[in-house]
Protein chains: 2
Amino acid sequence: MAYTVGKVARLAHVSVRTLHHYDELGILEPSGRSESGYRLYTDADLAQLQQVLFYKELGFSLEQIADALGDPGFDRSEALQQQRGLITSRVSQLEAMLDLIDRTVAAENGGIALSKEEMFEVFGDFDPTEYEAEVKERWGETDAYKESARRTARYTKADWQRFKDEAEEINTAIAALIDEGVAPDDARAMDAVERARLQIDQWFYPCSREMHANLGEMYIADPRFTATYEKIRPGMARWMRDAIAANATR
Amino acid sequence: MAYTVGKVARLAHVSVRTLHHYDELGILEPSGRSESGYRLYTDADLAQLQQVLFYKELGFSLEQIADALGDPGFDRSEALQQQRGLITSRVSQLEAMLDLIDRTVAAENGGIALSKEEMFEVFGDFDPTEYEAEVKERWGETDAYKESARRTARYTKADWQRFKDEAEEINTAIAALIDEGVAPDDARAMDAVERARLQIDQWFYPCSREMHANLGEMYIADPRFTATYEKIRPGMARWMRDAIAANATR
DNA sequence: GATAAACCCTGACGTTACGTCAGGGTCAAG
DNA sequence: CTTGACCCTGACGTAACGTCAGGGTTTATC
């Protein structure tokens, strides 16, 4: 029922030093100590260690992990769902790499050559803004991509920085609403996603509320978009979809 | 045809600093410089960068990458096949995580609880020695696991260190043969894998040449085993399978 | 019941793979 | 011809541990 560092280390395939480190950072403090000062981990501690390892596997920093686990509103099942989605999107990314390798080999054997962009698009994180216009075209607004390209061509470095700051602020605000437990059909929720819509409208291409609703659907249908929002808060992708849908019909 | 750092960075979703770093380490030195000293990357450099990124994605250190790419016997297609196998095994691991999450959620909803080992077995690298005895049982030698457990129970820390050193030496010798281009049915190859067989026989459980051949088949059938050997040298898993098979029938 | 091997503790410095300035030269569009 | 984006070389900072050192504790075994 109570495990010493060494036992936990062997069980979880981590080093003793790693457990010491997590203890220092407050990410995983053992529930008890023996008389002689030995760290003693309980079953609950093991469950938390598993959470730490899942998050680490998904590329979260230890600081982010500390924040997530330290949050009083932390919910294990919710986190597991979030992690499930993120792992799924990671699998898609790796499968894209397999596909890239196959196409590269085919090209070497006289197949069609790959563009420079194709050679690297599987690396690095997925950028939603790059992709939204493209998706929009599939739904009919055939000029979205061109319009977006036309506008963004003139953007300066400072413009992009402003856009990023603005986007982050909007996302932070939404995350705060989620933390407060505000429902997606609450007026504050709809206002928040309306800000997101206006931002797209202003910076990239005309985006009606109906079109925004389409994008919202994609947030939960495409694992890459889902991952983008789930990484901010568990359940955020679905919450946004619902809030955007509510905003479109109010 | 010639790209500056910034262009390469945007294309490959890496930072300029990263490219500087790779240049310092000699992992990716641009083929040219402009008059004013700007780094100029060619298409071939981009292909090499892609290789670096693949290896990095698979958890190789920059030092290992430098060794692999710097090796005069480096072969792009061979490396791509190796990477394909390693990515496949990574996907299996992530799928095991998805399965673990599902079982954890099921357990929370009144399903069967998970053992401590199950909670963590998906993390950390795959240890072949832990698994071989278990697999051996599937082929009939029903006491392999028990025998192995009986023997290893008495092993001291120093014993394990000796075993690891020995195993590494054997693998290094095999890798050297591969580097030399020695064929799997060469006598030297058979001798090398015979040493591997004797090591298993000595440390864990009786392992006949026929049984060893079965293990060899598994090295290419199970992606986790394949990954273990492919990580040492591209093509090593298949080479060992062939050498072991040759050794079993000589 | 002693004695060694294995295990635990707390510092504290080392390492990898970059991030992040600082200070200064270069290029291209208006 | 200037201004914003871009490039250079140091050089120090950082995250997540690895790796001793020095010293106490537990446990298996003789």
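Definitions and limits used
Residues numbered from 1 in each chain as written. Chains lettered and ligands numbered in written order. Predicted model: local features only at pLDDT ≥ 70, side-chain atom pairs only at ≥ 80, totals over all residues. Heavy atoms only, no water. Domains from an automatic or database assignment. Contact = heavy atoms within 4.5 Å. Buried area = accessible area lost by both parts, 1.4 Å probe. Salt bridge = Lys/Arg side-chain N within 4 Å of Asp/Glu carboxyl O. Least-squares fit on C-alpha atoms with pLDDT ≥ 70 in both. Near = heavy atom within 4 Å. Polar contact = N/O pair within 3.5 Å; in protein donor to acceptor, adjacent residues only side chain to side chain. Helix = DSSP H or I, 4+ residues; strand = E, 2+ residues; numbered from the N terminus. Nonpolar A, V, L, I, M, F, W, Y, C, P; charged D, E, K, R; others polar. Buried < 20%, exposed > 50% of the residue type's maximum accessible area, 1.4 Å probe, protein only. Axes fitted to C-alpha atoms, helices over the stretch in contact; angles between N-to-C directions. Parallel < 35°, antiparallel > 145°, perpendicular 65-115°, else oblique.

What about the domain arrangement of chain A?
All names here are of chain A.
- Domain annotation for chain A reports domain 1 (5-70), domain 2 (75-124) and domain 3 (126-248).
- Averaged C-alpha coordinates put domain 2 and domain 3 at centres separated by 23 Å.
- On the domain 3 side, the residues contacting the 6 residues of domain 2 number 8 residues.
- Between domain 2 and domain 3, a total of about 590 Å² is buried, with carbon and sulfur atoms accounting for 68% of that surface.
- Considering only the side of domain 2, the residues that lose the most area to domain 3 are Gln82, Leu86 and Ser89, jointly responsible for 65% of the buried surface there.
- Inspection of the domain 2/domain 3 interface yields 0 salt bridges.

Description of the relation of the copies chain A and chain B
- When chain A is fitted onto chain B, the two copies agree to an RMSD of 0.1 Å after a turn of 180° and an axial shift of 0.0 Å. Taken together, the rotation angle and the small translation identify this as a two-fold axis. Ranked by how close their C-alpha atoms come to the rotation axis, the residues of chain A are headed by valine 91 of chain A, at 3.0 Å.

Quick notes on the protein's contact with DNA strand D
- Near DNA strand D you find 22 residues, and of these Ser15, Leu62 and Thr156 of chain A together with Gly6 and Arg39 of chain B are the closest.
- One nitrogen or oxygen atom from the side chain of serine 36 of chain A is found 2.9 Å from a phosphate oxygen belonging to DNA strand D.
- Note that a phosphate oxygen of DNA strand D is positioned 2.7 Å from one of the side-chain N or O atoms of arginine 39 of chain B.
- Of all elements in the fold, only helix H2 (16-25) of chain A together with helix H1 (5-12) and helix H2 (16-25) of chain B reach the threshold of two or more residues within the surface near DNA strand D.
- Here the element with the most residues in the surface near DNA strand D is H2 of chain A; it accounts for 4 residues.
- Split by residue class, the surface near DNA strand D holds 5 nonpolar, 10 polar and 7 charged.

Overview of the pattern of salt bridges
All names here are of chain B.
- Going through the model one piece at a time under the given rule, you end up with 43 salt bridges over all chains.
- A salt bridge links arginine 39 to aspartate 23, with the nearest nitrogen and oxygen atoms 2.7 Å apart. In this pair, arginine 39 is assigned in strand S2 (residues 39-40) and aspartate 23 in helix H2, connecting sequence segments 16 residues apart. An identical accessibility class is assigned to arginine 39 and aspartate 23; each is buried.
- The salt bridge involving glutamate 180 is made with arginine 188; its shortest N-O contact spans 3.5 Å.
- Under the relative-accessibility criterion, glutamate 180 is labelled exposed at 57%.

Brief notes about the packing of helix H1 (residues 5-12) of chain A against H2 of chain A
Residues and elements named next belong to chain A.
- Two elements in contact, H1 and H2, have axes separated by 8 Å at closest approach and are oriented at 110°. Relative to H2, the element H1 is oriented roughly perpendicular. Contact residues: Val5, Gly6, Val8 and Ala9 in H1; Val16, Leu19 and His20 in H2.
- When grouped by side-chain class, the residues that make up the contact of H1 with H2 number 5 nonpolar, 2 polar and no charged.

Points about the protein's contact with DNA strand C
- Taken together, 21 residues lie near DNA strand C, and Gly6 and Arg39 of chain A together with Ser15, Leu62 and Thr156 of chain B sit nearest.
- Sugar and phosphate atoms constitute 75% of the interface atoms of DNA strand C, taking the interface as everything within 4 Å of the protein.
- A distance of 3.4 Å separates a phosphate oxygen of DNA strand C from a polar atom in the side chain of lysine 56 of chain B.
- Those elements giving two or more residues to the surface near DNA strand C turn out to be H1 and H2 of chain A together with H2 of chain B.
- Sorting elements by how many residues they give to the surface near DNA strand C places H2 of chain B first, with 4 residues.
- Taken together, the residues that form the surface near DNA strand C break down as 5 nonpolar, 10 polar and 6 charged.

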